[in-house]
Amino acid sequence: MKSFNKMWVLLALISLPVIVLSQSYNLEELYEDRPEVYFRLAITDPSVVMKLSKLISIDEVNEDGIAAYANTAQFAQLRSLGYEPELLLPPSLLETVAMTDLQSDRSAFEWDAYPTYEAYVQLMQDFENDYPEHCEVFNFGTLNSGRELLMARINNGDASGKPKFLYTSSMHGDETTGYVLMLRLIDYLLSKYGTDPRVTTLVDNVDIFINPLANPDGTYYSGNHTVNGSIRGNANGIDLNRNYYDPEDGPHPDGNAYQAETMAFMELADQFQFVMSANFHGGAEVVNYPWDTWSRLHADDAWWVQVSREYADSAQFYSPSGYLTDLNNGITNGYAWYSISGSRQDYMNYFAQCREVTLEISDIKTLPANQLPDFWNYSKASFLSYMERVMYGVQGTITDAVSGDPIQAMVSISGYDVDNSQVYSSLDDGFYHRILNPGSWDITYSAEGYYPQTISVTLEEFETLIQDVALIPGNLIADFSASAYDIPKGESV
């Protein structure tokens, strides 16, 4: 593994023993100083659970009831309704995890500690410094705390004509396993490029974006030096995975203003038009595919089941028995698990036409740091295989048949697409990529001011089919007769 060009100041690996801290806290006093409360309710009635999900952030549902989070205002409202929650110790305080400051040589680091915030920022910047031809690191949002939302963009130096893929982790600040694993994935892709054929193919053919830490204020709630004591929500105690525009419930389904983190990700999605993405969480071990908000299935449900099964099967193969086997042996439809509103997954699928899944990769939210290398070994192959899925399907450019200029056009399939499952080409270069299962498809390309064009294609398994389209300028002229011409509002003709 390539070492850093510049020496880091110090390797301060704090190898503290795992300590159970539950006896050290008066929970009533503890929550007086925290912006959110973690608790249990002995409620199993699905209709009541559904109702409560509009008020609190449900974290776990089982035969004994629910575990949930609430900010202080939500918790007060819950109690005012007559509920008597049992306070639980925050997951991030169950154990003391090892932290690392700046290390002198990345090749000597075993990825078995959590970085301090300053080490995280330095590590991200050094990825760019060490691999300038293949990695760009940029800030896509600075929070009031001064902490940054950082993104590593990885490709072979040419991003044009390639599908864009996004990995992001820890929007729940106390779910930190994916945080370190995403840092390690960045390192792996960059250091293995040119020597590992699988990595080289990915970096050559995909425009890869990786955001290891989506909620730095939540993760470093106790200070930049530690992830111990992290919280689920952001600095305002808002659950960011309930804070997005919802396909069913509309804007602000949680009753809160869009948070800075939420707005940054929505703007990011608008800017880059991701084809596929995944959002890493913890507290369970399951692949959660759309939808979260309603019971009807995504148009690509069969594809989602196949891809989710592929991820879980791979993780199970490389891990001890019992890993990633929750619910339907490691996969679930989100609504079938329990319904939530305002999830990032639903926003990305419905409003950004991106195929995003939620990956719950550790039963323990704040995983003991010495277990992080094991979870990397369980998950590495699944990380890569899920990324590879973005390369398959139908892609090409859509242009004006006369001028040759790129067009932002809709790519849809009649009788198949529903709930905004169509995709669009990029206004910048006309590139589009449509993920589909193998089979025969009649794809329609349409844009305002152009005649639509329908093309029949046959797609094989693991195939990338190139289909460029030139649309002819013009407008369709209506040619019909009507039974009436003066139609009252609400009536039909």
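Criteria and cut-off values
- Residues numbered from 1 in each chain as written.
- Predicted model: local features only at pLDDT ≥ 70, side-chain atom pairs only at ≥ 80, totals over all residues.
- Heavy atoms only, no water.
- Pairing = 2+ DSSP bridges.
- Helix = DSSP H or I, 4+ residues; strand = E, 2+ residues; numbered from the N terminus.
- Contact = heavy atoms within 4.5 Å.
- Axes fitted to C-alpha atoms, helices over the stretch in contact; angles between N-to-C directions.
- Buried < 20%, exposed > 50% of the residue type's maximum accessible area, 1.4 Å probe, protein only.
- Patch = residues over 30% accessible without salt bridge, like charges linked within 9 Å, V, L, I, M, F, W, Y side chains within 5 Å.
- Areas by Shrake-Rupley, 256 points an atom, 1.4 Å probe, with all protein chains shown as cover.
- Salt bridge = Lys/Arg side-chain N within 4 Å of Asp/Glu carboxyl O.
- Lys, Arg positive; Asp, Glu negative; His and termini not counted.
- Charge placed at Lys NZ, Arg CZ, Asp CG, Glu CD.
- Parallel < 35°, antiparallel > 145°, perpendicular 65-115°, else oblique.
- Left-handed = near helix turned anticlockwise from the far one by under 90°.
- Nonpolar A, V, L, I, M, F, W, Y, C, P; charged D, E, K, R; others polar.
- Core = buried A, V, L, I, M, F, W, Y, C linked by side-chain atoms within 4.5 Å.
- Phe/Tyr/Trp six-rings, centres within 6.5 Å; stacked < 30°, edge-to-face > 60°.
- Lys NZ or Arg CZ within 6 Å of the ring centre and 35° of its normal.

1. Topic: the sheet that holds strand β2 (residues 57-62)
Pairing within the open sheet is antiparallel, and its four strands lie in the order β2-β3-β1-β4. The sheet is open, and its two borders are formed by β2 and β4 (86-87), each paired with just one other strand. Looking at chain direction, β2 and strand β3 (residues 65-71) are connected through five bridges and run antiparallel. Its bridge partner being in β3, serine 57 is matched across the sheet by tyrosine 69. Across the sheet, helix α3 (residues 72-80) is in contact with β1 (36-41), β3 and β4; its angle to β3 comes to roughly 130°.

2. Some remarks on the pairing of strand β15 (residues 393-400)
Regular strands place their side chains on alternate faces of the sheet. Counting buried residues in β15 gives seven out of eight residues, a clear majority hidden from the surface. Looking at chain direction, β15 and strand β21 (residues 464-466) are connected through three bridges and run parallel. Bridge pairing in β21 places glycine 393 opposite threonine 464. Across four bridges, the pairing between β15 and strand β18 (residues 431-434) is antiparallel. Bridge pairing in β18 links threonine 397 to phenylalanine 431. Across three bridges, β15 lies against strand β22 (residues 469-471) in parallel orientation. Looking across to β22, one finds that isoleucine 398 is bridged to valine 469.

3. Brief notes about the sheet that holds strand β16 (residues 410-412)
One open sheet accounts for four strands, arranged β17-β16-β19-β20; its pairing is antiparallel. Since the sheet does not close on itself, it has two edges, and those belong to β17 (423-424) and β20 (453-459), each with one partner. Relative to β20, strand β19 (residues 439-446) runs antiparallel, the two sharing seven bridges. Paired with tyrosine 445 across the two strands is glutamine 453, which belongs to β20.

4. Things to note about a negative patch on the surface
A cluster of acidic side chains, namely Glu60, Glu63, Asp64 and Asp363, defines a negative patch on the protein surface. Topologically, glutamate 63 is positioned in the loop between β2 and β3.

5. Structural notes on the environment of aspartate 126
On the secondary structure map, aspartate 126 appears in helix α4 (residues 117-130). Relative accessible area serves as the criterion here: at 1%, aspartate 126 is assigned to the buried category. Linking aspartate 126 and tyrosine 311, residues 185 residues apart in sequence, is a C-alpha distance of 30 Å.

6. Here we look at the packing of helix α9 (residues 301-317) against helix α13 (residues 372-388)
Here α9 crosses α13 at 155°, and the two axes come no closer than 7 Å. Our classification of the angle between α9 and α13 gives roughly antiparallel. Crossing of α9 over α13 shows right-handed handedness. In this structure, α9 uses Trp304, Val307, Glu310, Tyr311, Ser314 and Ala315 to contact α13, whose residues at the interface are Tyr378, Ser379, Ala381, Ser382, Phe383, Ser385 and Tyr386. When grouped by side-chain class, the residues that make up the contact of α9 with α13 number eight nonpolar, four polar and one charged.

7. Re the nonpolar core
Tyr167, Leu185 and Tyr386 are the most contacted members of the largest nonpolar core, which totals 70 residues. In this structure, tyrosine 167 is in contact with Met182, Leu185, Phe209, Ile210, Asn211, Ala278, Phe280, Ser382, Phe383, Tyr386 and Met387, ignoring residues within four places of it in sequence.

8. A short note on the environment of phenylalanine 317
You can see phenylalanine 317 is positioned in helix α9. What makes phenylalanine 317 exposed here is its relative accessible area of 64%. A sequence separation of 64 residues divides phenylalanine 317 from alanine 381, and the C-alpha atoms of the two residues are 9.7 Å apart.

9. Description of the packing of aromatic side chains
Across all of its chains, the model carries 37 aromatic pairs by this definition. An aromatic cluster is built from Phe165, Tyr167, Tyr188, Phe280, Trp376, Phe383 and Tyr386, whose rings are joined through pairwise contacts. If you follow arginine 296 out to its NZ or CZ, it ends over the ring of tryptophan 294, 3.5 Å from the centre.

10. What to know about the side chain of serine 343
Structurally, serine 343 can be placed in the loop between α11 (334-337) and α12 (344-351). Leaving out residues up to four positions away in the same chain, serine 343 has contacts with Asn241, Tyr244, Asp246 and Asp292.

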